[in-house]
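So the chains spell out like this:
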Amino acid sequence: MSDLGALLRQAREERGLTLEDVQETTKIRKRYLEAIESGDHSVLPGTFYLRAFVKNYCDAVGLDADEVLRLYQHEVPASVTDQIVEAVPTRQPKRVQTRSSERISKLSFNVMMWSFLILIVVVVWVYFVNNKSSDTKEMDDTNITDQASPPAETQSPDTSNGGTGTPTSTPTPTPSQDPTTLTFSSKIGKVDHYDVAPAGVLHKVEIKVSGGPSWTEVRKGSKDGEALISKNAEDGSVLTYDLDQSLYINVGRADLSVITVDGVVINDGDRAGSKKIQLNPAEGAGGTEGTQSQSPDNTSTPGDTADTNNQQGTE
């Protein structure tokens, strides 16, 4: 067995995959996969197919195909295609300049210049008309806004002086929530890091597998953290996780996996290869942590005031 074949076989066995699983994922015949692992490259059609098969094998088991081909280029040499380009000399016929041809050329040049000038005039005119229409529309919208009456405020009577006080205005609060945003922060090695905002919200991470099985790995904190899943996800699988801390995600087939955060899709390249992503919640106070309301000890309630008045009256 060659060093390359041993590496591929070890990666496959660590992920609990059989040759049938790799054959189903890469669409490469099992006998070719066995030949790659054993190092018997004579069974394969040629060097070009060998490199292509090795690259697809690496993607299926979560290895970096480019790095593997670089390290084992003595086993998988680059294919050389000799391209022979036959140069056919061409002979340019001599141009005979006549007065009529010169007139035609001059006339064509003048027509082209005039057409270009007319086109510029038309473009400037259309631009001017559109701007004028936009300004008129903005003025109309401004007038309509100025003429519109402000919304009526909710009036509540002041009953502190017997229930016949002057009405006071009570504004109606309108709750609002910032939308979820994903910001690319850095790329460390092969891992793309994203910051998930807003802070203080429990975001939902969802991984959908469609079109075939795909190797899926999710870990807490980082790629060395606790594994939530590390196996070959079947077609149609939907995996959901709470983003209460950083999550490391590694999918073997990005073209078969869709990763979303609160419905926002992450661009994973959509290619038949692995993709590594780490989601980091935005820093900041979240939920109800650190925002507890406190009341002073010397604050008296209405019931306490009534009891005090009753005691004074009794005395």
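Right above here is the structure, for reference.
Residues numbered from 1 in each chain as written. Predicted model: local features only at pLDDT ≥ 70, side-chain atom pairs only at ≥ 80, totals over all residues. Heavy atoms only, no water.

The N-to-C vectors of helix α2 (residues 19–26) and helix α3 (residues 30–38) enclose an angle of 115°; their axes lie 9 Å apart at closest approach. Classified by the angle their axes make, α2 and α3 are roughly perpendicular. As for how α2 packs across α3, the hand of that crossing is right-handed. Contact residues: α2 offers L19, E20, V22 and Q23, while α3 offers K30, L33, E34 and E37. (Axes fitted to C-alpha atoms, helices over the stretch in contact; angles between N-to-C directions. Helix = DSSP H or I, 4+ residues; strand = E, 2+ residues; numbered from the N terminus. Parallel < 35°, antiparallel > 145°, perpendicular 65-115°, else oblique. Left-handed = near helix turned anticlockwise from the far one by under 90°. Contact = heavy atoms within 4.5 Å.)

Below, the discussion takes up helix α4 (residues 47–61). Between its first and last C-alpha atoms α4 spans 21 Å; for 15 residues at 1.5 Å apiece the expected length is 21 Å, and the two agree. Of all the positions in α4, only L50, F53, V54, Y57, C58, D59, A60 and V61 are classed as buried. Positive backbone phi, approximately 85°, marks G62, located one or two places after α4. (Expected span 1.5 Å × (residues − 1). Buried < 20%, exposed > 50% of the residue type's maximum accessible area, 1.4 Å probe, protein only.)

Turning next to the sheet that holds strand β8 (residues 238–242). A sheet is described by the order of its strands in space; here 4 strands give the open sequence β8-β5-β10-β11, paired in antiparallel fashion. The open sheet terminates on both sides in strands that have one partner only, identified here as β8 and β11 (264–265). For strand β10 (residues 257–261) and β11, the ladder comprises 2 bridges, and the chain directions are antiparallel. In the sheet register, T260 faces β11, and the bridge partner there is V265. (Pairing = 2+ DSSP bridges.)

Such coordinate-based values are descriptive only and should not be taken to indicate function.
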